[in-house]
Structures are given as structure tokens and as C-alpha cells.
Amino acid sequence: MWLRRLATDRLARLSSAPADQAFATVAPIKSALRLASVNDAAARLGLNPGMALADARAMYPGLGVADDDPAADLALLTAIADWCDRYTPLVALDPPDGLILDVTGCAHLFGGEALLACDLVGRLARQGFVARAAVADTVGGAFAVAHHGATLTAMILPPGETRDALLSLPLAALRLPAETVDALAEVGLKRIADVIERPRAPLAARFGAALLHRLDQALGRVDEPISPRLPLPACVAERRFADPIALEADVLGTIAHLAAELARVLERRGEGARLLQAALFRTDGKVRRIEVGTAEPLRDPVRVKRLFTEKLAALADAWDPGFGFDMVRLSALATAPFMPAQSGLIADDHADHVADMAHLIDVLGARFGLRRVTRLVAQDTHIPEYAVAALPASAVGRGTALPSPLPACGERSRAKRAGEGASPRARASRIEEEHVVRKGPLTRPPSAVDLSPQAGRGGARGSAVPPSHEQDTQIPTRPVRLLARPEPIEAIAEVPDGPPVRFRWRRVLHLVAASEGPERIAMQWWHDCDGNALTRDYFRVESRDGIRLWLYREGLFVRETGEPRWFVHGVFA
Amino acid sequence: MTSTRTHISSGTALQTLRQTVARIDAAHAVAPVAENALSLGRPEIDHLLGGGLARGAMHEVAPTAALHLGAATGFTLALAVLAGAQAKDTIWIQTDFAAAEVGPPYGPGLDAFGLASERLVVLRVPRAIDVLWAMEEALKHRAPAAVIAELTDDAADLTATRRLALAARHGGGLGLLLRHRATSDPSAAMTRWEVAAAAGPRDAFGGLGRTTFALSLVRNRRGPAGRFTLSWDHHAHVFVAAAVSRGVVETARDRPARAPLVRAG
């Protein structure tokens, strides 16, 4: 389909000037303002694109002029492509002013190719666009006929007759570069009929392979795939209305009906939808697309309706029905195998819990965006702030039963008892026994050097412990909240590596009553190109008020920095 | 309550009316002992709560001062763990502001505390009003073991909490509203707790002892208020009686709710 006067039609739709007034858009081409496009009235006066504006003005002082705006034209073309989605899901852009629709298998829904083309051109004409449509076996053939054919609006080439129709058309119809067309014209080859029977080798040698390639494309000897602008949905259900609907409840009711239709199709395929899109075609041509994602494959119409209810509620102002919607389409853009699960008779069955949770995540995701519903996923790093990542729950949590990562309670309480009963000295030696002392030619500190409490001064530095190892302490070794970023504090501490004695955080002075540490965490030197990442010594600290915080000193005294800075990084329960 | 008073004998009609009202009132009143109440493991507290913390209800937790928010968070998490967060998912709703101000929940810390972090769904919402909406929605679903919602301001008024309480009753889950600031505003919550971090006892080597909370049950629909000091055993996932740390007078029971702790010496 070719929108002959896209640029001027766009402006004419915005202005109230009569249609028979000559009008053109101008753009600076070759250091002069030249006409970029003209409307029908101007074309009848003999104005052509490429003419200098001064010449055109000299001929017709009444010529209406506006700046050329290719970006706006492209946006309009995209909007029209959206609208053409009502005919076929396979719509491709052919910039600057064409659209390619693959109507294979769709035409019968509109009463045949001819009626489809007439409907398309007629609807566009009512919107103020001059369009020419051609239906042919190949993209090249349709392009040639639409741009250079004899008829004004729609032309249908029956299957197999593309070649005959092309014979009389000029070579420019083959989508060739202008210089190739000129070169061919110089040797007297002007029509497609002139080249179609010629020996191919000399043509290719002289005018390049593009000529033959385009010719083959037009004739269907070479397949020409079109790249659809939008993803092709796996399943689609749609409903058209003679009278547009505008109420939210009506739209949602329609979506529920369509979801029920879609569910039957999905059921036959043994699938459920992971990404659903409702396309609302407004009567004035605007298409509103609303997408909802799901955590689990879904086909229950009630739940689908629920998700769209939330999505529409979240849109609020952006929901603008205008004069109403004359078509609603529900498509499943992404699907996944749907495993039917036997639901239990007992209320708190595990499978039910997983399904309910998935639905809750979907509902919250539809309202706030699926990225905001997250699950915490442990990462393989020692750096506290990177040790956990909040990933979208719809992506990670497939809801299945996850084993607890914690070791059994028995093991830990055994370790604890051993620690409690021993004297400090005995305990320190036990810790040293447990630890494998690393004796390698390490010039840099290992990624995480985990010093257990009270063992710090004992020369156990360098012994590596897995970070998940539960230390022998009565409070959790990690805080329940980690501050968004470490907050600098003023702290007074013993040099070189003593715990803080008092510190001021958020304008409150805290006196330290007890502390445990240091737990030394070195930065990942293999990521640190500048070499200025400083080692952190973490302390668990309890103030005299009982407030427990996770502090760290940044930088080893003298070895890394002269004045170590202190930060609060987390808050214990 | 209303029926117990004696009145002028001007008419039996008024008396009958009062009796009717009392009957209706009783129908709406909460059951004295809930069969599925959540036991805190301490008989003295469970007794006050009428068997334990009621499920299908909403409970409020607030720190006595902003600095004690960590303790309030810990107590809320402990309640969620007791409510079965190991087997079922828990939802934590937080505004962007709260996350920037006091920090988001930290997975390794939650694991260590007793709440499996892979069973937690964290929802970040842009506005405080969205917290209430999301909490109501989550409570209506019977899926989550507990719904924790953080409120940085006093957005939850009586109407809002009433909605939350109804949603919790509908879904049967445990709603935990973690307020960043203690308030005395009316609320439809079943209980309201004010939490401070108690200076815990030292362990045998002078290190930090168990996480200890100084709890005030300031509002309780099923019984009197009270004050307790409890420690959380993060290995066994139970509350244990706090060993009183040196230098602090033991807190008295049944004192006015907001009396501060007294430090001796």
C-alpha cells in the first residue's frame, strides 16, 4: 500500500484549509529550500518535489508551505501500521510512505482481496489519506503496481498474473536506485519488458546484481521475507462492534469473553499465556495496546479479566476512549506449556498456594509493574551490597518448593554449645583449628577474609571461611536491613584496628556497649582497575540503648589509608 | 458491655432495645479464644492475647523511637516466621522512600534471622497510599503466610485499617503493619505493639547476646495491655525469656503503656 501524499495529508488533517488549495512541504536540499512533497492540487499546477521554493513561489504566489518533518511522517506511518493491524497481524513498514501487509489467509474474513483493499483505501480516505493499494503475489509486484499502476485506488492482480502486469511498467517500479534507472534509460531500457527477457549476465555485469535481484523479487523467483513490526502473537481472539463501546466495564467484559475464547485455543495447544496484550482500536484510528505479564502460564478468563482491571486502574488518566472502540483484540504474545495440576481437597495445599501466589504476583504486577514485585536471589559474591539481587518475581519464582538453604538447626546448636562451654582461649584455638590457613604466594588479599570474633588479634588473619558459615555468636551475623548506601559516621576507635568506642549517626551520639568483630571483607581486586578499593572491617555493635548496627571501617590503617573512614551499613533487629 | 449497666426503669422497651443491641454487639465481637491463634510461645503473653496472636486479623508494630526501627522490624519478622513463613511465601510491601530511608530487607540477614529469603516477595510501591492498596489486596488472597507493610507516615487512619482488618478476616492471613512512627490514632488493628531494642545480655565472652525486644502491648482487643521483654532465638525460631541484662531494673507489668524504661545506676 502506498500513501501517496502522506506528508501533505498529515498537515491537511491538522489545518482547516480547503482541499483544493495548493500545498507543499519544503526542506533544505542542496543548499536551497526545495519542495519535498506536494499535494494533489499543487501537482495539478505542475509543481514537483525537488523544485526550488523560490521558483514555485514565482509561479504560484498562493502556494501554502510548511516545513518538512520526516520524523512526524514516520510516526504517522507507524500509527497507520498499528491501525492496519485490524486486517492482518503481519504489517511491515516501507518507509517513507508505504506499508506492506501480508494478507495471506486473512482476505476471506473481509470478503476477498478486492473488498479488503477497497475497505482499507476507503477507511483511509475517510480519515483524509490518499492511499493506493495493490494486492499481488510478491511484495515487489505489489509495490510496482501500487506506485506505478494505472488505476487510482486499488488494484488486484490474480495469482500468476504479476509478470504480465509488470511488463508495461517503468523500471523505477522495481525499487532500483535512481542512478541505475538513469543508466538503464541511457541505453534505451525504460520498461520492465525491456529487461525481462535479456541475457542476465551482461545486465548484471553492467548494472550490478541489484537489478536482477529486484527483478527476481518482483517476479517471485527470489523469496522476499517481510519483517513484521510487532511480534506475532501465538493466538488471537478479537471482536468487532458495529457501535463503538466506550465504558470501561464493557471493555473488560469483552476482554473476559475473548479470554474465554483464547482459553479454548490455548487448552487445545496445552499452553498458557505468559504475556497477554489487549489491543483497543479506537474509531478515530488510534490503537491502544495494554500488556500484562504473568508469573505462571495462565488461561483462566476470570484471572485474565482481573489483571486487565488492575492495569486499566493503574493507567487512570491515560485511559482515553475518545469516541469509543470499534474493535477489541486479545492476543497471547508469549505462551508456555501449561501443566495441569491436581488441586487438593485440603485448603492449604502446596500446589494451590503456588498458584494463588502466582496470581497475587500477577495482580500486584499488573498494578505496579512486574519489575516492582521482586524476589531476593543470593549472588555469588562476598561484597555485602551485591550479595543479594532483587529480581522480578515473575522471572525467578516459578513457585516450586525450594529447600531451605540454612543447615539443619541441630548442627548449628551443636557448634554453639561447643563455643559456649569453652574458655576464650580454647575457643580461639578451636576456630583456628577449623580454619584452613591459606599459605600461598598471595600478594593480594583473598576476596573475603573472614575473621571470627575475638580471633582477630590472634594472627588468624588470612584464614578464609565460607561466608555462609554461621559464626559462633548469639545474634545473626548479617543485618535484617541493609541501608541503600553506606552512611558515613563520625567514630572514635582505637588504632590500628580496634572497634569503635562511640560514634555519631544521623545526628545521634551512640556509646558502644559491646561489639563483635572485625570481620574483614576485601574488595574484589580483579574488578578494581584503579586499585583504590579499600578493605572493610565490619563490626557488629550494640549501643548502650540496645540499638544494634553493622559498622565498618574503610581502609586498613597505614597500610591502605592514613585516616580510615567509618560507615553504618546495616541495621540489626 | 453496654448491657451490664442498670438503667432507669422508665420503660421495658428501652431495656429490650439495649438487650438487642448487646446481642448484635456480641455477634460482632471477636471470639474470646481463636482456635487457630498464633502462639508466641510465652504463656504469659498468649494468655493476654486470648490464646495467641489472632490470624485473620491485622496487627500493628511500631518502634518507640525512630532509632528502634530495627527492633520493630525484627519483632515483625519474628511474628512472620512464627506464622509459617518457612513453608509459605511472605510479602513485604515498602515504598521507594522507605527503602531509601531505612533500607530494604537484606536477604542474607533474613536467612540468618530465620525467615527464608527465597520465600519472601518484596513489593516496592511509589506512594504510601499504594502500600495500603497492596496490603489489602495481598490480605484478601489466602496465599501468603504473612503480609508485612511498612508505613512511613500516618496514612493508615481508622477507615484504612478497618478495610485492612476486613480484608485480613476475609483472607485469613496475618497482616503486620509496621509503622515507622508510634501513633495513638484509633485503628482497627487487633493488637498494637511498641517495640524498643533492649540492651541484651552479653554472651559468655562479652560478645553480643541474643536479639532482645522490650515490648509494650499498648492495645489489645482481647484483653489487657502489658509489657514484656523477650529474646529471639534465631536458631530455633522461638521467643525465649530474656535474661535480664545487668544494670536494668526489670520492667513492671501492667504499668501505663508509655512509661519509659528506668536505668538503675
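**Some words on the environment of Arg221(A)**
Then, in step 1: The residue Arg221(A) is located in the loop between helix 11 (209-219) and strand 9 (235-245) in this model.
Then, in step 2: Considering only alpha carbons, one finds Arg221(A) and Ser168(A), 53 residues apart in sequence, at a separation of 19 Å.

**Some details on the nonpolar core**
Then, in step 1: Core analysis: the largest hydrophobic core is formed by 146 residues, its most contacted members being Phe75(B), Ala80(B), Ile93(B), Leu123(B), Met135(B), Ile148(B) and Leu176(B).
Then, in step 2: When residues of this core are sorted by domain, at least three fall in each of domain 1 (235-337) and domain 2 (481-571) of chain A.
Then, in step 3: In this structure, Phe75(B) is in contact with Val61(B), Trp193(B), Val195(B), Phe213(B) and Leu215(B), ignoring residues within four places of it in sequence.

**Considerations on the confidence of the model for chain B**
All names here are of chain B.
Then, in step 1: Put simply, chain B has an average pLDDT of 83, and 83% of its residues get 70 or more.
Then, in step 2: When mean pLDDT is compared element by element in chain B, strand 2 (residues 90-95) scores highest at 95, while helix 1 (residues 12-28) scores lowest at 73.
Then, in step 3: Overall, residues 1-8 carries pLDDT values under 50, and its contacts beyond four positions in sequence, including any with other chains, amount to nine contacts.
Then, in step 4: ipTM for the predicted complex: 0.80, alongside a pTM of 0.71.

**Structural notes on the interface of chain B and chain A**
Then, in step 1: Tallying the contact residues gives 57 residues for chain B and 58 residues for chain A.
Then, in step 2: Sorting the residues of the side of chain B that touches chain A by element identifies helix 3 (69-82), helix 4 (96-102), helix 5 (107-113), strand 3 (120-125) and helix 6 (128-140) of chain B as the ones contributing at least two each.
Then, in step 3: Residue contributions to the side of chain B that touches chain A peak at seven residues, all from helix 5 of chain B.
Then, in step 4: The residue inventory of the side of chain B that touches chain A, partitioned by class, reads 29 nonpolar, 17 polar and eleven charged.
Then, in step 5: Pairing of strand 13 (residues 373-378) of chain A with strand 3 of chain B involves three bridges; the strand directions are antiparallel. Within strand 3 of chain B, the position partnered with Arg375(A) by the bridge is Val121(B).

**Observations regarding helix 7 (residues 158-171) of chain B**
All names here are of chain B.
Then, in step 1: Under the 1.5 Å per step criterion, the end-to-end length of helix 7 is 20 Å for 14 residues, consistent within 8% with the ideal 20 Å.
Then, in step 2: If you check which residues of helix 7 are buried, you get Ala160, Thr161, Leu164, Ala165, Ala167, Ala168 and Gly171. Taken around the axis of helix 7, the buried residues stretch over an arc of 165°, which confines them to a single face. In helix 7, the exposed residues that point more than 90 degrees away from the buried face are Leu158 and Thr159.
Then, in step 3: Contacts from the buried residues of helix 7 go to strand 1 (57-63), helix 6 and strand 5 (174-179).

**Some remarks on the pairing of strand 7 (residues 131-135) of chain A**
Residue and element names in this part refer to chain A.
Then, in step 1: A large share of strand 7 lies buried, amounting to five of its five residues.
Then, in step 2: Side chains of strand 7 alternate between two faces, with Ala131, Ala133 and Val135 and Arg132 and Ala134 buried alike.
Then, in step 3: Judged from the two bridges that link them, strand 1 (residues 2-3) and strand 7 form a sheet pairing that is antiparallel. The partner of Leu3 across the bridge, within strand 7, is Ala131.
Then, in step 4: Both strand 7 and strand 8 (residues 154-156) contribute to a ladder of three bridges, which runs parallel. Looking across to strand 8, one finds that Ala134 is bridged to Met155.

Conventions and cut-offs
Residues numbered from 1 in each chain as written. Chains lettered and ligands numbered in written order. Predicted model: local features only at pLDDT ≥ 70, side-chain atom pairs only at ≥ 80, totals over all residues. Helix = DSSP H or I, 4+ residues; strand = E, 2+ residues; numbered from the N terminus. Core = buried A, V, L, I, M, F, W, Y, C linked by C-beta atoms within 7 Å. Buried ≥ 20, exposed ≤ 12 C-beta atoms within 10 Å, placed from the backbone. Domains from an automatic or database assignment. Contact = placed C-beta atoms within 7 Å. pLDDT = per-residue confidence, 0-100. Nonpolar A, V, L, I, M, F, W, Y, C, P; charged D, E, K, R; others polar. Pairing = 2+ DSSP bridges. Expected span 1.5 Å × (residues − 1). Arc of directions from axis to C-beta.

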